[in-house]
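Examining the three-dimensional arrangement
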Amino acid sequence: MAYECTDGGTGASGAEPGASDSLRTFGAVVQALREHAGLSREEFGALVRFSKHTVASVEQGRRMPDRDFVERAEEALGNTGALRKAAPHLSRQAGLASWFRQWARLEATAISLYTYECRVVPGLLQTEAYARAVSLNVPPLPDPEELEERIAARMARQELLAVTRKPPTAFSFIVEQAVLERWTGGEAVTREQFDRLLGVVEGNWNVEFQVMPLRQPSHAGADGPMRLAETPDNQWFAYSEGQQNGRLIAHAKEISLLQQRYAKLRSQALTPEDSLGLLKRLRGAL
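Note that the structure is a prediction, hence the values are computed from the model and not measured.

Quick look at the overall build of the protein now. Within the protein one finds twelve helices and six strands. Contacts spanning at least 24 positions in sequence make up 75% of the contacts within the protein whose residues lie at least 6 apart. Split by element, the accessible area of the protein, about 13,100 Å² in all, is 52% carbon and sulfur.

Okay, helix H6 (residues 101-109) next. For an α-helix, 3.6 residues make a turn, and residues three or four places apart therefore share a direction. Among all positions of H6, only Arg101, Trp103, Ala104, Leu106 and Glu107 are buried. Tucked into the core, H6 has its buried residues touching strand S1 (112-117), helix H8 (144-157), strand S4 (226-230), strand S5 (236-242) and strand S6 (245-249).

Before going further, it helps to examine unusual backbone geometry. Cis geometry is adopted by the peptide bond preceding Pro140, which originates at Pro139 and carries an omega value of -5°. In this structure, Pro140 sits in the loop between helix H7 (128-137) and H8. Here the bond from Lys166 into Pro167 is cis, since omega is -10°, no more than 30 degrees from zero. Within the secondary structure layout, Pro167 lies in the loop between H8 and strand S2 (170-176). The backbone phi angle of Asn79 is positive, close to 50°, even though this residue is not glycine. With respect to the helices, strands and loops of the structure, Asn79 is situated in the loop between helix H4 (67-76) and helix H5 (82-86).

The subject of this paragraph is the confidence of the model for the protein. Considering every residue of the protein, the mean pLDDT works out to 86; 89% of them sit at 70 or more. Low pLDDT (under 50) marks residues 1-6, which in the prediction has 47 contacts with non-local residues, meaning those over four places away or in another chain. Residue range residues 8-19 is modelled with pLDDT below 50. Its contacts to residues more than four positions away, or to other chains, number 65 contacts.

One finds Leu125, Phe171, Phe173, Leu180, Leu197, Phe209 and Leu279 to be the most contacted residues of the largest nonpolar core, which totals 33 residues. Looking at this core, the elements that each hand over two or more residues are H6, H7, S2, helix H9 (177-180), helix H10 (187-203), strand S3 (207-212), S5 and helix H12 (272-284). Among residues more than four places away in sequence, those in contact with Leu125 are Gln158, Leu161, Phe173, Gln193, Arg196, Leu197, Val200 and Phe209. By size, the runner-up hydrophobic cluster in this structure holds 17 residues, among which are Val55, Met64, Phe69 and Leu77.

Turning our attention to the environment of Lys264. Considering the arrangement of structural elements, one finds Lys264 in helix H11 (residues 252-268). For Lys264, a relative accessible area of 46% corresponds to the partly exposed category. Sequence-wise, Lys264 and Ala220 are 44 residues apart; in three dimensions their C-alpha atoms are separated by 6.2 Å.

It is worth spelling out the pairing of S4 at this point. Where burial is concerned, most of S4 is hidden: five out of the five residues are buried. Across five bridges, S1 lies against S4 in antiparallel orientation. Paired with Leu113 across the two strands is Ala229, which belongs to S4. In this structure, S4 lies alongside S5, joined through four bridges in antiparallel fashion. For Ala229, the partnering residue across the bridge sits in S5 and is Phe237. Connecting S4 to the next strand, S5, in antiparallel fashion are five residues, including Asn234 with a positive phi near 65°.

Quick notes on the rules
Residues numbered from 1 in each chain as written. Predicted model: local features only at pLDDT ≥ 70, side-chain atom pairs only at ≥ 80, totals over all residues. Heavy atoms only, no water. Helix = DSSP H or I, 4+ residues; strand = E, 2+ residues; numbered from the N terminus. Contact = heavy atoms within 4.5 Å. Areas by Shrake-Rupley, 256 points an atom, 1.4 Å probe, with all protein chains shown as cover. Buried < 20%, exposed > 50% of the residue type's maximum accessible area, 1.4 Å probe, protein only. pLDDT = per-residue confidence, 0-100. Core = buried A, V, L, I, M, F, W, Y, C linked by side-chain atoms within 4.5 Å. Pairing = 2+ DSSP bridges.

Have a look at this one:
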């Protein structure tokens, strides 16, 4: 992973994707129920409104099924309740870098998540096509199965954005304008990525999105990307990342320093309203 296997980065090498017995078991149950119903993957995919490739990825334990897949699969396969009851116990380990897993566990229950990113669009906001382009940009190229695991893990983490979570997580994102204008993956991928960003910013009241403009003489993020998380019992943790590594930070003095830097970044970036206007202008220019 040049940055981080399921969020900003590529997961190119050293990512050590962890096998997940729960995903493989869930997939085997889906396959058994599908075959018992006499359905091909293509026929089943049509019923649940997912491609046969997605169905194959779920059945082989390579993809975390989202809520829609579970509900539609239940209806298509007889409403046994087996899939609904099993889904909450699925592990998200497949596709996560070894150094990222501890942060991912904190992230899953955090009540506040702050992200400053200067390399790529944060993974929680990426489209599948953008995630694929990022993963294929940095050598060495992953094998197809590893690539699908990374993308599936990244897409599954996006459930954290849902306003229906209790309580919903409060998000703050600060992203460099240069990241948005890089056109990672080309024009079509970039257009879809802008649509995704606009959809989240305008549709999720729990998400604050700010752009750091290209010209900003005073910049508190010179030391690179950072993330901060607040737990349900109001403890704070931080996470920093570089090439092939990441570090969870729990020391109060270090966290205080990063909180000061993040607060400064918020004041230096465009306001959420101006950031939304810039997003719309950049999208309109494509």
